[in-house]
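Residues per chain, in single letters:
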Amino acid sequence: MPATELFVTASTKVAGLELLTPTGEQGLVYPHVQDWVTAQLKNKMPVKDISASVLVKGIKQWSVFEQKKAGKTIRTVFKIT
């Protein structure tokens, strides 16, 4: 299942979950989200799947990963098609 990287902004909380709103911009497309995860792990950058703790507005299937880079927390959001 192809995965498209999305750029999002954090909105508010809904039912205890953080709501993320896509900005309309899209990043790279991967044949499967696991390809991105594998590349991150090969580069020794551990990622944590936080998909269950967020909602993405207007997207039916998504995956959200969190990782630490230079002391900052970065979230990467994918739309699964």
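All values reported here derive from a predicted model rather than from experimental measurement.

(A) Quick look at the environment of G16. Mapped onto the fold, G16 is located in the loop between β1 (3-14) and β2 (17-30). The class of G16 is exposed, set by a relative accessible area of 59%. Taking the C-alpha atoms as reference points, G16 and Q26, 10 residues apart in sequence, are found 27 Å from one another.

(B) Highlighting the pairing of β1. Sheet topology note: the β1/β2 ladder contains 8 bridges and is antiparallel. Paired with L6 across the strands is Q26, a residue of β2. The loop that links β1 with its antiparallel partner β2 comprises 2 residues; one of these, A15, has a positive phi angle of about 55°. In this sheet, strand β6 (residues 72-80) lies alongside β1 in antiparallel orientation, the contact comprising 4 bridges. For E5, the partnering residue across the bridge sits in β6 and is F78.

(C) Quick peek at the environment of Q67. Assignment of secondary structure puts Q67 in strand β5 (residues 62-69). Since its relative accessible area comes to 4%, Q67 is described here as buried. Note: C-alpha distance between Q67 and L20 (47 residues apart in sequence) is 17 Å. Leave out the neighbours within four places in its chain, and Q67 touches W36, Q40, M45, P46, V47, K72, T73, I74 and T76. For Q67, the side chain forms a polar contact with the side chain of Q40, separated by 3.2 Å.

(D) Expanded view of the sheet that holds β1. Strand order in the open sheet made by the 6 strands is β3-β5-β6-β1-β2-β4, with mixed pairing throughout. Two strands bound the open sheet, and with one partner strand each, they are β3 (48-49) and β4 (54-56). By the bridge criterion, 3 bridges tie β2 to β4 in an arrangement that is parallel. The residue bridging E18 from the neighbouring strand is V54, located in β4. Set on the sheet, helix α1 (residues 33-42) makes contact with β1, β2, β5 and β6; between it and β5 the angle comes to about 10°.

Rules behind the numbers
Residues numbered from 1 in each chain as written. Predicted model: local features only at pLDDT ≥ 70, side-chain atom pairs only at ≥ 80, totals over all residues. Heavy atoms only, no water. Helix = DSSP H or I, 4+ residues; strand = E, 2+ residues; numbered from the N terminus. Buried < 20%, exposed > 50% of the residue type's maximum accessible area, 1.4 Å probe, protein only. Pairing = 2+ DSSP bridges. Contact = heavy atoms within 4.5 Å. Polar contact = N/O pair within 3.5 Å; in protein donor to acceptor, adjacent residues only side chain to side chain. Axes fitted to C-alpha atoms, helices over the stretch in contact; angles between N-to-C directions.

Interpretation note: all reported values are geometric properties and have no functional meaning in isolation.
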